[in-house]
Amino acid sequence: VKTDDLIADLSETLTPVPRHAVLLRLVQGTGAGALVSFLILWAWLGFRPDLAQAVDTSMYWVKFFYTLSLALFAFWATERLARPSSKAGWPLFGVAFVILALTFLSGMRMMHTPADERMHVLMGHSSHVCPFLIAILSVPIFIGTFWSLRALAPTRTVLAGAVAGFASGALGAWIYAFRCDETTAPFLLVFFTLGMALVGLAGAAIARRVLRW
Amino acid sequence: VLAAEAELKSLMVAGLAGDKAAYRVLLTALGEVLRRYYSRRVGRDDAEDLVQDALIAIHTRRATYDAQQPFTPWLYAVARYKLLDHLRRKRVRAAVSLDDAGDLFAEDESEAALARRDLDILLAALPEPTRALIRQVKIEGLTTQEAAAQAGRSEIAVRVGIHRGLKTLSDKLRGKDAREDG
C-alpha cells in the first residue's frame with residue numbers, strides 16, 4: 001500500500017467524531033455491563049430483605065457512597081488513561097482519599113468497640129463470600145469496560161487495565177451493596193475493597209494482551 | 001514548532017468535525033513528521049510500514065484526541081506507542097526464529113507444499129472475508145481496487161481489513177513467547 005493512497009482513502013471515508021466520544025464509548029460498554037450485573041443480582045442473589053429499614057441507617061449510605069464514589073473516581077481515571085499521552089492524574093488521589101476517609105471511620109469504630117468484639121465487627125457473617133460475590137458481579141461490567149477500552153488508545157497499558165478493573169470492581173461492589181446487610185465500616189473497608197482489588201488485579205493481568213492496539 | 005502545533009491542531013479539529021480536505025492536508029503533513037520520526041529510529045523499510053501503521057492508528061483512534069489539549073503530545077504518544085510495539089514484535093520474532101531454526105532446516109523436502117499447507121492453517125485463523133481478501137491481494141496479486149470491487153466493499157475497508165488481518169497473523173506467529181513477554 002502506498003502511503004499517499006492510504007492517506008487518500010482515509011480522508012475520503014472520513015466521518016465526524018462526536019464530542020466526548022471517549023466518554024460515550026465508556027458509558028455504552030460499562031453501562032450495558034452494569035445493567036447485566038444488576039439483573040444477575042436481582043435474579044440470583046436478590047436484594048437484602050431489610051432494605052426498607054436499612055435506608056434509614058447511616059451505614060447503608062456510607063456503603064452506598066463509598067462504592068459509588070470509588071467507581072466514579074476510578075472511571076474518571078480510566079477515561080483519562082484511555083487517551084495517548086494522558087496521565088491518570090488527580091482522580092486517583094480521589095480514590096486514595098475515599099479509602100483513607102473510610103479507614104479513619106473504621107479506626108473510630110474499632111476504638112469504640114470492646115477488644116473481644118472487634119473480630120466480629122471486622123468479619124461480620126459474610127466475609128468469606130463478600131469479595132468473591134463482588135468479583136463475580138463485576139464480570140459483566142469488566143467485559144463491557146474492556147470492550148470500550150479496546151476501541152480507545154491507552155498507552156500505559158497495565159496501569160489502564162488495573163484502574164479499569166478496579167473501577168469495574170467498585171461498580172460491582174455498589175450493586176452488591178443492595179444485597180449485603182453487613183453494618184460495620186471495618187467490614188466494608190476490608191472486604192469490599194478486597195473485592196475491588198481482585199478485579200483490578202485481573203485487569204492488570206490481561207491488559208497487555210487485551211488492550212494492545 | 002509552535003506554529004506547527006497551532007496549524008496541526010486546527011487541521012485535526014477540522015478533521016474531527018468531518019472536514020475531508022483539511023484532514024487530508026493533516027495526514028499528509030503527519031506522514032512527513034512520522035517519516036522523519038521513524039527513519040531516525042528504525043531501518044528505511046520498517047520506517048515506511050510504521051508510518052502507515054501510525055497513520056491508520058491516528059485515524060481509527062482519532063476520537064481519543066481531546067481538543068482542549070495540545071495536539072503534538074498526543075501525536076508523539078501514538079507514534080511512540082507504535083514504535084515500541086514494533087520493536088517488541090521484532091525482538092520476539094528474532095527470538096522465535098533462532099529457537100526454531102533447527103526444525104526449519106531439518107524439513108526441507110517439498111518446501112513449497114509445506115509452505116502452502118502452513119499458509120492454509122494460518123489463514124484459517126482469520127474470519128472468512130479477511131481470509132479471502134488476503135488471499136486475493138497478497139497471494140493472487142489482485143490490486144486492492146479489484147479486490148474491493150469483487151467483495152463489494154470500499155477500498156479503504158479492504159486495506160484496513162488486510163492490514164488488521166496481517167497483524168492478527170503476525171500476532172499468531174509470535175505465539176506463546178510473545179504473550180509471556182507482553
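Data block above holds the structure.
Residues numbered from 1 in each chain as written. Chains lettered and ligands numbered in written order. Predicted model: local features only at pLDDT ≥ 70, side-chain atom pairs only at ≥ 80, totals over all residues. Heavy atoms only, no water.

**Quick word on the overall build of chain A**
Of regular secondary structure, chain A possesses nine helices and zero strands. Its helices and strands taken in sequence order, chain A reads α-α-α-α-α-α-α-α-α from the N to the C terminus. Dimensions of chain A, computed from the C-alpha atoms along their principal axes, are close to 75 × 35 × 30 Å. Considering chain A as a whole, with its 213 residues, one finds that 50% of them fall into the buried category. A fraction of 83% describes how many contacts in chain A between residues 6 or more apart in sequence connect residues 24 or more apart. Only carbon and sulfur atoms are counted for the fraction: they give 71% of the accessible area of chain A, which is about 10100 Å². For chain A, the distance from the average site of its 16 positive side-chain charges to the average site of its 11 negative ones is 7 Å. (Helix = DSSP H or I, 4+ residues; strand = E, 2+ residues; numbered from the N terminus. Buried < 20%, exposed > 50% of the residue type's maximum accessible area, 1.4 Å probe, protein only. Contact = heavy atoms within 4.5 Å. Areas by Shrake-Rupley, 256 points an atom, 1.4 Å probe, with all protein chains shown as cover. Lys, Arg positive; Asp, Glu negative; His and termini not counted. Charge placed at Lys NZ, Arg CZ, Asp CG, Glu CD.)

**What to know about the interface of chain B and chain A**
On the side of chain A, 35 residues touch chain B, which itself brings 41 residues to the contact. Between chain B and chain A, the buried area comes to about 3300 Å², and carbon and sulfur atoms account for 61% of it. For the chain B face of the interface with chain A, the top three residues by lost area are B:Arg61, B:Tyr81 and B:Arg159, together amounting to 20%. Remark: the boundary between chain B and chain A carries two salt bridges. A salt bridge links A:Arg212 to B:Asp85; the nearest nitrogen and oxygen atoms lie 3.0 Å apart. Secondary structure elements with two or more residues in the side of chain B that touches chain A: α1 (2-16), α2 (20-39), α3 (44-60), α4 (71-99) and α9 (155-181) of chain B. Here the element with the most residues in the side of chain B that touches chain A is α4(B); it accounts for nine residues. Grouping the amino acids of the side of chain B that touches chain A by side-chain chemistry returns 16 nonpolar, eight polar and 17 charged. (Buried area = accessible area lost by both parts, 1.4 Å probe. Salt bridge = Lys/Arg side-chain N within 4 Å of Asp/Glu carboxyl O. Nonpolar A, V, L, I, M, F, W, Y, C, P; charged D, E, K, R; others polar.)

**Section: the packing of helix α8 (residues 157-176) of chain A against helix α9 (residues 185-210) of chain A**
All names here are of chain A. The interhelical angle for the contact between α8 and α9, taken along N-to-C directions, is 145°, at an axis separation of 6 Å. As for the relative orientation of α8 and α9, their crossing is right-handed in sense. Listed contacts from α9 to Thr157, Val158, Gly161, Ala162, Gly165, Phe166, Ser168, Gly169, Ala170, Ala173 and Tyr176 of α8 are Phe192, Met196, Ala197, Val199, Gly200, Gly203, Ala204, Ala207 and Arg208. Taken together, the residues of the contact of α8 with α9 sort by class into twelve nonpolar, seven polar and one charged. (Axes fitted to C-alpha atoms, helices over the stretch in contact; angles between N-to-C directions. Left-handed = near helix turned anticlockwise from the far one by under 90°.)

**Structural notes on the pattern of salt bridges**
Tallied over the full model, the rule gives nine salt bridges over all chains. For A:Arg48, the salt bridge identified is with A:Asp50, shortest N-O distance 2.8 Å. Through salt bridges that share partners, A:Arg212, B:Asp85, B:Arg88 and B:Arg89 make up one connected network.

**Notes on helix α1 (residues 3-12) of chain A**
With respect to burial, α1(A) is a largely interior element, seven of its ten residues being buried. Those residues of α1(A) lying buried are A:Thr3, A:Leu6, A:Ile7, A:Ala8, A:Asp9, A:Leu10 and A:Ser11.

**A word on a nonpolar patch on the surface**
All names here are of chain A. The grouping of Phe38, Leu39, Trp42 and Phe47 at the surface amounts to a nonpolar patch, some 410 Å² of accessible area in total. Within the secondary structure layout, Trp42 lies in helix α2 (residues 21-45). The exposed category is assigned to Trp42, whose relative accessible area is 56%. (Patch = residues over 30% accessible without salt bridge, like charges linked within 9 Å, V, L, I, M, F, W, Y side chains within 5 Å.)

**Quick look at the packing of α2(B) against α3(B)**
All names here are of chain B. One can describe the packing of α2 onto α3 by two numbers: an axis separation of 9 Å at closest approach and a directional angle of 140°. The pairing of α2 with α3 is recorded here as oblique in orientation. Here the hand of the crossing between α2 and α3 comes out right-handed. Residues Tyr23, Leu27, Leu30, Gly31, Leu34, Arg35, Tyr38 and Ser39 of α2 form the contact with α3, whose own contacting residues are Ala47, Glu48, Leu50, Val51, Ala54, Leu55, Ile58 and His59. Each residue belonging to the contact of α2 with α3 can be placed in one class, and the counts come to eleven nonpolar, three polar and two charged. (Parallel < 35°, antiparallel > 145°, perpendicular 65-115°, else oblique.)

**Structural notes on the packing of aromatic side chains**
What characterises a pair of aromatic rings is the spacing of the ring centres plus the angle enclosed by the ring planes. Applying the stated rule across the entire model yields 22 aromatic pairs over all chains. Between A:Tyr60 and A:Phe64 the ring centres are 6.4 Å apart and the planes differ by 25°, which places this aromatic pair in the stacked class. One end of the pair is A:Tyr60 and the other is A:Phe64, both in helix α4 (residues 58-81) and four residues apart, which spans about a single turn. For the pair shown, A:Tyr60 and A:Phe64 are each scored as buried. Across the ring face of A:Trp147, the terminal group of A:Arg25 is positioned such that the distance to the ring centre comes to 3.7 Å. Stacked on the ring of B:Tyr37, the Lys or Arg B:Arg41 has its end atom at 3.9 Å from the ring centre. (Phe/Tyr/Trp six-rings, centres within 6.5 Å; stacked < 30°, edge-to-face > 60°. Lys NZ or Arg CZ within 6 Å of the ring centre and 35° of its normal.)

**Digging into unusual backbone geometry**
Of all residues except glycine, most have a negative phi; of all peptide bonds, most are trans. All names here are of chain A. Look at His20: it is not a glycine, yet its phi comes out positive at around 60°. Along the chain, the position of His20 falls in the loop between α1 and α2. We classify His20 as exposed; its relative accessible area is 53%.

Shape is all these values report; function is a separate question.
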